[in-house]
Every structure is written in structure tokens, then in C-alpha cells.
Amino acid sequence: MVILGSPCCFSQYMQLKKFYYVFGLALALLMISVMNGFILSRAGRYQDIGRWVPVHLYGVVVNTIVEGDKLRLAVALIVVILLSACSQPDSSGGEGSGVAVNSYPRWQAEYDIAFSYNAVSTTAVGAYAVAAADLDGDGDIDLASVSRDEDLVKWYENDGQQNFTAIRLARADGAISIHVSDVDQDGDYDLVTASYVDDTVAWFENDGAEEPDFTRRIVVSNADSVRSVFVADVDGDQDKDLLSASFQDDSIRWYENNGQASFTTQTVVELQQDSTDDTDSSGSSAADGAYAVHAADIDGDGDIDLMSASQNDDIVAWYENDGDENFTKHIIEQGSSVLSVYAQDIDSDGDTDIVAALDDDDTVVWYRNMSDVEGSDDFFLKRTVTTDVDRPASVSATDFDRDGDVDLISASSRDNTIAWYSNNGANYFTKIDIYNEAEFVLMVGVADIDGDGDADLMSASYSDNTIAWYENRSVYSVEVNAGETIVGTFAADDADVDTLSYTIAGGANAADFEIDETTAELSFLLGGATVAGETYYLTIAASDSEYTIYLELVVEVI
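Residues numbered from 1 in each chain as written. Predicted model: local features only at pLDDT ≥ 70, side-chain atom pairs only at ≥ 80, totals over all residues. Heavy atoms only, no water.

- By the naming in an unreviewed UniProt entry, the protein goes by VCBS repeat-containing protein and is assigned to Reinekea thalattae.

What follows is the structure, encoded as C-alpha cells:
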């Protein structure tokens, strides 16, 4: 007979108790680590939680084990489990549902990229800038523009087939810059504009209706000859702040959102009225002829820094945020009039680089962030992309050919050209002209306008009063011997391992072909290709039921 209080039983009991505590500790620490990974990968409000919760819970669990408090251990484990579940991303990249994000399929074939020009409006008199978002919430991408000479803000409703209807919103004297963001965070997209004649930064509140109305709300009307606006959470309080660059008073400012879309002006640099050397209160140079502003975390410390391009002092600069929104100006380069800056991780090394349009030098450049390079004396290293542009006015970046690296895009006003720069994977770029009849083009931007999973372009060209978009097309050429029936297999890959189905989506010679919906084998109808020298054009599609991609085929019979 075993007596519970005997030394033997007591020893077994203590060993079992120790095992459960050690097991509990290991389980808790593992779950905290997993939770921490999810939380720190999140944007927005989870970032602050991610800096505190895991460390605190490690302490709770360890102390619980040491103190032998089973109740506290159970509570700690429950909290870890709940927070781990809540920290999973939802299907749209949002928070809380625990559903993975679906991805677009990708063609296996090494296709070429071509862009097709499509005019949206040719009556935007003095078109200066354009932006894109789903403004009416119907699932397709609409456009919005500002036109300097007609002093108008407009948006263009997409009917789902990329046919656009212009809708006039309001007058803005000298409308020159536009940005799209959910300023009041009510679930729809608002507009932010700059108009330089009336010195005004304003935002247009979208009421969220099926046919939305926009209410213009003035933020400031004393930004002297304001040239550019941008939107970012500058102070990290999870709402949308606004930024501006104003030419005449040499100022970079941000407008602090109080959480209710009411704004307080905060100055980064400006011309001091009692000074002759254009300095701000900290002694750093003001942005003489400030022309563009952008925002990103340049130094990787978790807060938002700013960038500016200024025309009169020929400076590209960034402004280091100390975490309390005190900014220190750092000059990246001085030497050429600068009209545009854009932040992106160009070399895919995990930090933020900068692309710039150097107007006077007829040059597009990127500045490699060297903060992670041991022994480097420079924070940025200048790399020339091209000098084959005439007065570049706008730059941007994305992966246009979906090969995993970042390509560049530019608009140059004097040669009327929009061009993209294909990255070879080692950050050397090949210039490819897309369109050279955009008269005095002043802006180019990026958006998936037709919703097919690749990056299209949009532009605003001043002299021909045109807002346009450029469809990104995947084109593949194949040769077939005369008399053959099978053209080839044109399959796609899907990172989510979704089942793909294939169809013939169109093209001048679509009726001459059939495709196996599961294997993607493409064949001629009517006995095959019989005439050498014939060329056939068709488009095939691959779909995972949520996303569809297209490949244009050029079939040459030899």
C-alpha cells in the first residue's frame, strides 16, 4: 500500500510538478516568440504592443515558474494564446481575422513587358498631377487629378472596364498637387490637394456613398506658393498627418492630426523673416524653393523621417526624426535643381533608398542607403540611373516586370517622355521608353488600374491637357513549325498552391486556338498551323478564382 505522504510519493509528485512547470515554461516562451513575430510584422497599432507585450510576458511566465503559482501560469498561457490568435493578419492585410493573404499567380514563361497608352481625359486644362484609388468603393481603381490652368480638382469614375467618367469636385486656385489617403480613417479614400496661387493645403472628405460627394476642408491657406503634399503618420499615433512643401517661403511643414481630422501646423524648416541666410531656428538651411516632400523611415529607427527636393538651392535632403518629431536636416546632395523625390528599398537590402529627378542635370539618380554598410562614411551613396532624359520632373518605383526586384519610372517634360528602367537584379538599370508624346508631362505614378495584378502607370501632361494611363502587358513570342497542332504549354505558378484554370481571353486570332483548362496546353484548331509566315495574336488567362492574370501570345509559323 502506498501512503500519499510517504517520501517516495512526495518525490514523484515533485518531479511531476517540476515537469509540468518546465513544459509550461517552454510552451509559453515558444508561443510568445511566435506571437512576437506576428505582432512585429504588423503595421500600425500592433507595433507598440509588440515592443512591450512579449518582454512583459516573458517576465510573468518566468516569475510564475519560480514562485510556483499555477494559477498565474494558467492565466499567462491563456493571454499568450489569445494574443497570438488576435495578432494574425486578415485576408486584406488588415488585423484580426487569422486568414492568410492570397497572392496573384505568375506566368512561368519569360515574357516581355509592353505598355499601352490610354487617354482618360484630354480636357484637363493644364493637367499637373494625378492619383489613383477606389474612390467609390465598387472594387475598381478610379483616378483623381488637379489642373493648374482651369483651377480644378476632378475625379474619374471607372466603370470596371477602364472607361472613365470625369466628375468635377471643386475649384482650387492654381491646383498643382494631389494625394489619396483615408484621412479621417472612416474606411473610404479622401483627397489631399495643394493649390499654389491661393497658398492652400486642403483635404476633400469622401462621404462613402455609392456615388460619393467630397467636401473640401481647408487645412491652411498661408503655405506660400505650396507645390507638393503628402500623407504619413509622422508622429506615430495611428492617424494620418499631412505634409507640404511650399516654394515661396522655403518651407517643409507637417500638419498634426488630432485624431478627428483637425490639424495643427508644425514647421520642419522655413525661411526666417528676420534672417538673411535662410535658416531655421536650429541653424540648418531652409529648403530654398521647396518643390517636393515625401516621408519614410530612412534610418530604420521606427519613426517617420521626411525628404525634400528644393529647386533654388539645388538640394536633396532628409530630415531625421528623433522620435518626438524634432527634425534634423541632412543634405544628401547639392548641385542641381530637384523636382521630385521618392522613397523605396531599391536594392532590397531592408532599408529605405531615395530616387530623385535632377532637373537641370537631365539626370535620374538613386541614393543607396549605406547606414547598414560597415565602414561607410556616407549615409547615402549616389548612383546614376540615366542622363538620357530632358528635364525629368517626376520619379517613382515598383516591380513592373514581377521578377522580384525594384524597377524605376520617370517622366521628363522637355522630351515629353515616360520611361521605365528595368533592374537586372544587381541594381543596374536599362532605360525603355514607354511613350514620348506626353506633351510637357509633369507627373507619373503607379497603380494596378485594371486589377490584373501588375503595376500600370498614370500620367498628367500639362501642354496637351491630358490624364492618361498605361496598361502593363505581358507579351510572349513563340515559333511553331508549319503543320504542327500543339503550340506549347503556358502554365503559371501560384505561391498559395491554389488550383489554376486557363482560358483564352481574347485577341485577334482567339477563335483559331483552344487551351486545356487544367494543363494550359495550347493548340491550333482545324488541324494545325499550315501556312509558313503567318502570325497569330491571342491572349490567354490564368485564374485562381480570385485573381486573374493575362499573357499576350504572338505565335509565328515558320
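**Looking at the overall build of the protein**
Okay, step 1: Across its full length, the protein carries 3 helices and 36 strands.
Okay, step 2: Here the analysis covers contacts within the protein between residues at least 6 apart in sequence; of these, 46% occur between residues at least 24 apart.
Okay, step 3: On the protein, roughly 25,000 Å² of surface is accessible, and the fraction owed to carbon and sulfur atoms is 48%. (Helix = DSSP H or I, 4+ residues; strand = E, 2+ residues; numbered from the N terminus. Contact = heavy atoms within 4.5 Å. Areas by Shrake-Rupley, 256 points an atom, 1.4 Å probe, with all protein chains shown as cover.)

**Quick look at the pattern of salt bridges**
Okay, step 1: Summed over all chains, the structure comprises 14 salt bridges.
Okay, step 2: The partner of Arg217 in a salt bridge is Glu205, with the nearest N and O atoms 2.6 Å apart. You can see Arg217 sitting in strand β10 (residues 214-220) and its partner Glu205 sitting in strand β9 (residues 200-206), a full 12 residues away along the chain.
Okay, step 3: By relative accessible area, Glu205 is classed as partly exposed at 23%.
Okay, step 4: Across the pair Arg473 and Glu552 runs a salt bridge, and its minimum N-O distance is 2.6 Å. Taken together, the positions of Arg473 in strand β29 (residues 466-480) and Glu552 in strand β36 (residues 548-557) put the pair 79 residues apart, joining distant regions of the chain. (Salt bridge = Lys/Arg side-chain N within 4 Å of Asp/Glu carboxyl O. Buried < 20%, exposed > 50% of the residue type's maximum accessible area, 1.4 Å probe, protein only.)

**Things to note about the pairing of strand β34 (residues 521-524)**
Okay, step 1: Bridging between strand β30 (residues 486-489) and β34 involves 3 bridges; their strand directions are antiparallel. Looking across to β34, one finds that Ile486 is bridged to Ser523.
Okay, step 2: Here strand β33 (residues 513-515) pairs with β34 via 3 bridges, running antiparallel. Within β34, the residue paired with Glu514 across the bridge is Ser523.
Okay, step 3: Connecting the antiparallel pair β33 and β34 is a turn made up of 5 residues, with Ala520 showing a positive phi of about 70°. (Pairing = 2+ DSSP bridges.)

**Points about the environment of Lys240**
Okay, step 1: Within the secondary structure, Lys240 sits in the loop between β11 (226-232) and β12 (241-246).
Okay, step 2: Taking relative accessible area as the criterion, Lys240 reaches 24% and is therefore assigned partly exposed.
Okay, step 3: For the pair Lys240 and Gln185, spaced 55 residues apart in sequence, the C-alpha separation works out to 7.9 Å.
Okay, step 4: Once residues within four sequence positions are removed from consideration, Lys240 is found in contact with Ser181, Asp182, Val183, Gln185, Val231, Ala232, Asn257 and Phe263.
Okay, step 5: A distance of 3.1 Å separates polar atoms of two side chains, one belonging to Lys240 and the other to Ser181. (Polar contact = N/O pair within 3.5 Å; in protein donor to acceptor, adjacent residues only side chain to side chain.)

**A few points about the confidence of the model for the protein**
Interpretation of this model should avoid reading the predicted coordinates in detail wherever pLDDT is low.
Okay, step 1: Of all residues in the protein, 78% attain a pLDDT of 70 or more, and the chain-wide mean is 84.
Okay, step 2: The low-confidence segment residues 32-67 (pLDDT under 50) makes 61 contacts with residues lying over four places distant or belonging to another chain.
Okay, step 3: This model gives residues 83-100 a pLDDT under 50, and the stretch forms 40 contacts once residues within four places in sequence are excluded. (pLDDT = per-residue confidence, 0-100.)

**Remarks on the sheet that holds strand β6 (residues 164-171)**
Okay, step 1: Ordered by their spatial adjacency, 4 strands build an open sheet running β3-β4-β5-β6, and the pairing between neighbours is antiparallel. Whereas interior strands pair on both sides, the edge strands pair on one side only; in this sheet they are β3 (127-133) and β6. For this sheet, the mean angle separating the axes of adjacent strands, direction not counted, is 20°.
Okay, step 2: The sheet contact formed by strand β4 (residues 142-147) and strand β5 (residues 152-158) spans 5 bridges and is antiparallel. Residue pairing for β5: Val146 is matched across the bridge by Val153. (Axes fitted to C-alpha atoms, helices over the stretch in contact; angles between N-to-C directions.)

**Some words on the packing of aromatic side chains**
Okay, step 1: Applying the stated criterion across every chain, the model contains 18 aromatic pairs.
Okay, step 2: Seen from their ring centres, Tyr117 and Tyr435 are 4.3 Å apart, and the 10° between their planes marks the pair as stacked. Separated by 318 residues along the polypeptide, Tyr117 in strand β2 (residues 112-121) and Tyr435 in strand β26 (residues 429-435) bring together distant segments of the chain.
Okay, step 3: Owing to a relative accessible area of 32%, Tyr117 belongs among the partly exposed residues under this scheme.
Okay, step 4: Judged by relative accessible area, which is 18%, Tyr435 ranks as buried.
Okay, step 5: Ring centres of Phe440 and Tyr462 lie 6.2 Å apart, and the angle between their planes is 65°; on these two criteria the pair is classed as edge-to-face. A residue pair is termed long-range when its members are at least 10 positions apart, and Phe440 in the loop between β26 and β27 (441-447) and Tyr462 in the loop between β28 (456-461) and β29 qualify at 22 residues.
Okay, step 6: For Phe440, a relative accessible area of 37% translates into the label partly exposed.
Okay, step 7: Take Tyr462: its relative accessible area is 17%, and that puts it in the buried class. (Phe/Tyr/Trp six-rings, centres within 6.5 Å; stacked < 30°, edge-to-face > 60°.)

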